[in-house]
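Structure at a glance
What follows is the residue order along each chain.
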Amino acid sequence: MDREAPLQAINARELRQVLSTFVTGVTVVTTVDREGRRHGVTANSFTSVSLEPPLVLWSQALKAFSHPAFRDAGRFAVNILADDQIALSNRFARAGEDKFGGTAVREGLGGVPLIEGCAAYVECRHHVAHEAGDHMIFVGHVERMARTGRRPLAFGGGRYLIAQPHDFGRLSAEEAGANRKRLQ
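Scope of this entry: the structure provided in the associated data block.

What follows concerns unusual backbone geometry. Along the chain, Glu52 connects to Pro53 via a cis peptide bond; the corresponding omega equals -5°. Within the element layout of this structure, Pro53 appears in the loop between β4 (47–50) and β5 (55–61).

So, on to helix α3 (residues 86–93). All of the buried residues along α3 are Leu88, Ser89 and Phe92. Looking straight down α3, one finds that the buried residues subtend no more than 100° of arc, so they occupy a single side. Along α3, the residues that are exposed and aim more than 90 degrees away from the buried face are Ala87 and Ala93. Looking at the buried residues of α3, the elements they touch are β2 (27–32), β3 (38–43), β8 (113–115), β11 (153–156) and β12 (159–162).

Turning our attention to the environment of Glu143. Following the sequence through the fold, Glu143 ends up in strand β10 (residues 135–147). The partly exposed category is assigned to Glu143, whose relative accessible area is 34%. Distance in space between the C-alpha atoms of Glu143 and Arg75 is 9.9 Å, their sequence separation being 68 residues. With residues near it in sequence (within four places) discarded, Glu143 still touches Arg75, Leu109, Glu123, Cys124 and Arg125. Looking at Glu143, its side chain comes within polar contact range of the side chain of Arg75, at 2.3 Å.

Here we come to the pairing of β2. The buried count for β2 comes to six of six residues, which makes it a mostly enclosed element. Residue alternation in β2 divides its side chains into two sets, Thr27, Val29 and Thr31 and Val28, Thr30 and Val32, and both sets are buried. With six bridges joining them, β2 and β3 adopt antiparallel strand pairing. Looking across to β3, one finds that Thr31 is bridged to His39. Taking the residues between adjacent antiparallel strands as the criterion, β2 and β3 are bridged by five residues, where Gly36 takes a positive phi near 85°. The pairing of β2 with strand β6 (residues 75–80) spans four bridges and is classified as antiparallel. Paired with Thr30 across the strands is Ala77, a residue of β6.

The rules behind each value
Residues numbered from 1 in each chain as written. Predicted model: local features only at pLDDT ≥ 70, side-chain atom pairs only at ≥ 80, totals over all residues. Heavy atoms only, no water. Helix = DSSP H or I, 4+ residues; strand = E, 2+ residues; numbered from the N terminus. Buried < 20%, exposed > 50% of the residue type's maximum accessible area, 1.4 Å probe, protein only. Arc of directions from axis to C-beta. Contact = heavy atoms within 4.5 Å. Polar contact = N/O pair within 3.5 Å; in protein donor to acceptor, adjacent residues only side chain to side chain. Pairing = 2+ DSSP bridges.

Bear in mind that shape data such as this cannot, by itself, settle questions of function.
Structure follows, in structure tokens:
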């Protein structure tokens with residue numbers, strides 16, 4: 001008889017450390033509430049779900065101040081930050097300040113703010129949301145998108161990173177060595 005070992009309790013801090021080894025992009029997700037107020041939050045829990053239909057997802061803590069606005073909104077935009085937008089990431093990660101003050105934005109679909117200077121934009125109509133533990137998973141149907149050609153900001157191991165191309169697998173040993181030296 002095949003018996004599984006009893007599961008050990010998962011320590012939240014250790015889980016966070018393990019998950020931090022997965023490098024992600026950095027986004028600011030934005031929306032407008034029913035009164036027309038803008039809301040935005042830094043999120044690295046963004047990923048594609050489906051190409052047909054075009055669906056993406058992100059998740060937000062249920063206790064986040066802006067959660068009711070995102071929960072009730074019909075639209076949201078994912079602003080994929082560029083590598084020089086660390087200050088914006090930090091600003092939108094904090095609660096309690098005017099996050100949009102001094103931030104250049106333009107109006108996207110449904111009046112949802114798009115932050116100027118990002119690497120890319122994904123504008124979505126709310127598709128479905130699922131409560132999962134202490135977070136809400138928002139799935140959006142992509143209605144419009146754009147790339148700017150700017151290099152994206154990355155995050156991993158508890159710090160910001162710069163994404164660089166990795167072509168070592170296709171290069172000769174000599175070329176790979178030259179690239180390694182150049183990147184050091």
